[in-house]
Amino acid sequence: MSSSDQQLEPQAVRPLEVLYCQICTFPPEYCEFGSSLTRCKEWLQGENPQLFDKYYSDEALQSKIGTLSLEAQAKLEKDTAKKEAKAEAKADAALKKKMASQVSIKRIERNKRKHVTAIHGLEAFDIDLKKAAKFLAQKFATGASVTKNAQGQDEIVVQGDVSDDVLELLEGGAGPLKGVPADNVVIVEEKKKKATE
């Protein structure tokens, strides 16, 4: 190759590295549009103090706010506080609902010696039911599926009497069954009703 060919080769352009906030998943300059600005600020101050000074120091805030009137500044601060309080209340309500939810494991008698195990209430703990059913089917070498129960809610039905084993898996947090508190798990035994003649 001649020296003129080497000069014509384009230089590789390095990709731009962008820092994303671990709280709201926006880039730090857009955290103000998220619902948790104060937590984002705390994270950015600990993670990257130079960027924090660039976006949220007193001089940077004064230059941003300098174009707004006093009324607009007050309204902006009020709206931000209201949005953060709403997001916190929503997170608290979701946590309370999660802690109040129950996971019921039912052992249902199909015939005299055949049983199925139905697991209901896992969706409240953000568990993907299809992945959990596949995990249970592989674990116990049986059939498992996601079906709707009589109330119209999704449940996992596993063939065989594996209720105690499922309880141990839930308490141990195995596979996709992580995140269920042991106090919220209940075992229920349901027998098939005999037909009276």
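See above for the structure.
It should be emphasised that the depicted structure is a prediction, and the values quoted were computed from it without experimental measurement.

Draft legend 1. Structural context of the overall build of the protein chain. Broken down by element type, the protein chain carries seven helices and five strands. Mapped in sequence order, the helices and strands of the protein chain form the string α-α-α-α-α-β-β-α-β-β-α-β. Every one of the 197 residues in the protein chain was classed for burial, and the buried ones make up 27%. Taking as baseline every contact in the protein chain between residues at least 6 positions apart, the subset at least 24 positions apart corresponds to 53%. Split by element, the accessible area of the protein chain, about 14,500 Å² in all, is 52% carbon and sulfur.

Draft legend 2. View of a nonpolar patch on the surface. A cluster of nonpolar side chains, namely Leu-16, Val-18 and Tyr-20, defines an oily patch on the protein surface of about 350 Å² accessible area. Among the secondary structure elements, Leu-16 is positioned in the loop between helix H1 (3-8) and helix H2 (37-47). Look at Leu-16 and you get exposed, because its relative accessible area is 76%.

Draft legend 3. Layout of a negative patch on the surface. Among the surface-exposed residues, Asp-164, Asp-165, Glu-168 and Glu-171 lie close enough to one another that they form a single negatively charged patch. On the basis of relative accessibility, which here comes to 47%, the residue Glu-171 falls in the partly exposed class.

Draft legend 4. Structural detail: helix H3 (residues 49-56). Considered for burial, the residues of H3 that qualify are Leu-51, Phe-52, Tyr-55 and Tyr-56. End-on view of H3: buried residues confined to an arc of 105°, all on one side of the axis. Within H3, the exposed residues directed more than 90 degrees away from the buried face are Gln-50 and Lys-54.

Draft legend 5. View of a positive patch on the surface. Positive charge collects at one region of the surface, where Lys-78, Lys-82, Lys-86 and Lys-90 lie side by side. Within the secondary structure, Lys-90 sits in helix H5 (residues 70-100).

Draft legend 6. Seen up close, the nonpolar core. Core analysis: the largest hydrophobic core is formed by 22 residues, its most contacted members being Ile-119, Leu-122, Leu-136, Ile-156, Leu-170 and Leu-177. When residues of this core are assigned to their parent elements, the largest contribution, six residues, is made by helix H6 (residues 129-140). If we ignore the near neighbours within four places in the chain, the residues touching Leu-122 are Val-103, Ile-127, Leu-129, Ile-156, Leu-170, Leu-177 and Val-180. One finds Cys-31, Cys-40, Leu-51 and Phe-52 within the second-largest nonpolar core, a separate group that totals eleven residues.

Draft legend 7. How the structure looks around the packing of H2 against H3. One can describe the packing of H2 onto H3 by two numbers: an axis separation of 6 Å at closest approach and a directional angle of 135°. As far as their axial angle goes, H3 and H2 are oblique. Facing Leu-37, Lys-41, Leu-44, Gln-45 and Glu-47 of H2, the residues of H3 in contact are Pro-49, Leu-51, Phe-52 and Tyr-56. Class assignment for the residues of the contact of H2 with H3 results in six nonpolar, one polar and two charged.

Draft legend 8. Structural detail: the state of the cysteines. Enumeration according to the criterion identifies zero disulfides in this entry. Left unpaired, Cys-24 is separated from the closest cysteine sulfur, that of Cys-31, by 3.5 Å. Exposure remark for Cys-24: the relative accessible area of 13% places this residue in the buried category. Between Cys-40, a cysteine without a disulfide, and Cys-24, which holds the nearest cysteine sulfur, the sulfur-to-sulfur distance is 3.6 Å.

Draft legend 9. Main features of the packing of H6 against helix H7 (residues 163-172). Contact geometry for H6 and H7: axes closest at 12 Å, N-to-C directions at 120°. As far as their axial angle goes, H7 and H6 are oblique. When the axes of H6 and H7 are compared, the crossing they make is right-handed. Packed against H6, whose contacting residues are Phe-135, Leu-136, Lys-139 and Phe-140, the element H7 presents Asp-165, Val-166 and Leu-169 at the interface. Partitioning the contact of H6 with H7 into residue classes produces five nonpolar, no polar and two charged.

Criteria and thresholds
- Residues numbered from 1 in each chain as written.
- Predicted model: local features only at pLDDT ≥ 70, side-chain atom pairs only at ≥ 80, totals over all residues.
- Heavy atoms only, no water.
- Helix = DSSP H or I, 4+ residues; strand = E, 2+ residues; numbered from the N terminus.
- Buried < 20%, exposed > 50% of the residue type's maximum accessible area, 1.4 Å probe, protein only.
- Contact = heavy atoms within 4.5 Å.
- Areas by Shrake-Rupley, 256 points an atom, 1.4 Å probe, with all protein chains shown as cover.
- Patch = residues over 30% accessible without salt bridge, like charges linked within 9 Å, V, L, I, M, F, W, Y side chains within 5 Å.
- Salt bridge = Lys/Arg side-chain N within 4 Å of Asp/Glu carboxyl O.
- Lys, Arg positive; Asp, Glu negative; His and termini not counted.
- Charge placed at Lys NZ, Arg CZ, Asp CG, Glu CD.
- Arc of directions from axis to C-beta.
- Core = buried A, V, L, I, M, F, W, Y, C linked by side-chain atoms within 4.5 Å.
- Axes fitted to C-alpha atoms, helices over the stretch in contact; angles between N-to-C directions.
- Parallel < 35°, antiparallel > 145°, perpendicular 65-115°, else oblique.
- Nonpolar A, V, L, I, M, F, W, Y, C, P; charged D, E, K, R; others polar.
- Disulfide = S-S within 2.5 Å.
- Left-handed = near helix turned anticlockwise from the far one by under 90°.

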